[in-house]
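# Topology and contacts: notes
This is what each chain is made of:
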Amino acid sequence: MPTLNINGQNHKLDVEPDIPLLWALRDTLQLTGTKYGCGIAACGACTVLLNGAPTRSCVTPVSAAVGQRVTTIEGLPTAKTGNKAARAVQAAWEKLDVVQCGYCQSGQIMSAVALLTSNPKPTDADIDTAMAGNICRCATYHRIRAAIHDASRTLA
Ligand code: FES
Ligand code: FES
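In short, a report on the structure. Since the structure is predicted, the reported quantities are computational estimates derived from the model, not experimental observations.

## Overview of the sheet that holds strand β3 (residues 47–50)
- Ordered by their spatial adjacency, five strands build an open sheet running β2-β1-β5-β3-β4, and the pairing between neighbours is mixed. Two strands bound the open sheet, and with one partner strand each, they are β2 (9–12) and β4 (53–56). Taking each pair of neighbouring strands and ignoring which way they run, the sheet shows an average axis angle of 40 degrees.
- Relative to β4, β3 runs antiparallel, the two sharing four bridges. Residue pairing in the sheet places Leu50 in a bridge with Ala53 of β4.
- Packing of helix α1 (residues 21–28) onto the sheet brings it into contact with β1 (3–6), β3 and β5 (69–71), and relative to β3 it is tilted by some 105 degrees.
- Sitting on the sheet, helix α4 (residues 105–118) touches β3, β4 and β5, and the angle it makes with β3 is about 35 degrees.

As structure tokens, then:
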């Protein structure tokens, strides 16, 4: 029975170690903010953070997350797992009304938080590179880029 640290809490999961982390999060723990899009690491909808690094949970077996800090969209606002970049991203997303249908947005936000945590002042090129794996069928890309710049301005 693998034990995972998710959003600052340990969970002993009654799942096979080779099932994708995405299904452990959604089906076993009901953390449904992480979305299923393609299942082949091509869309970014399922992005979570593993030790702060954006990771496609649809192709990551539960066993690969053992011993790591898993952060999902639900964990971003908490004191245990939240950080300045997460708060800045959430505020900018609201201010610039980034979301359209919303389906891709938890993955977009996780990638944006990871980017700003490691690089608080990204250029357009940095943003394009970091966000390239997150697809948005509503094409909110311009607002996402503007919101990342806006969040960046609020970070020291
Ligand atoms: S569902 Fe994982 S990258 Fe698309
Ligand atoms: S907001 Fe609809 S898919 Fe991105």
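## Digging into the packing of α4 against helix α5 (residues 124–131)
- Relative to each other, α4 and α5 sit at 130 degrees, their axes nearing to 10 Å. As the angle between them shows, α4 and α5 are arranged oblique. Viewed along their axes, α4 and α5 form a crossing whose handedness is right-handed. Facing α4, whose interface residues are Gln108, Ser111, Ala112 and Leu115, α5 presents Asp126, Ile127, Ala130 and Met131.
- Of the residues that constitute the contact of α4 with α5, the class distribution is five nonpolar, two polar and one charged.

The rules behind each value
Residues numbered from 1 in each chain as written. Chains lettered and ligands numbered in written order. Predicted model: local features only at pLDDT ≥ 70, side-chain atom pairs only at ≥ 80, totals over all residues. Heavy atoms only, no water. Pairing = 2+ DSSP bridges. Helix = DSSP H or I, 4+ residues; strand = E, 2+ residues; numbered from the N terminus. Axes fitted to C-alpha atoms, helices over the stretch in contact; angles between N-to-C directions. Contact = heavy atoms within 4.5 Å. Parallel < 35°, antiparallel > 145°, perpendicular 65-115°, else oblique. Left-handed = near helix turned anticlockwise from the far one by under 90°. Nonpolar A, V, L, I, M, F, W, Y, C, P; charged D, E, K, R; others polar.

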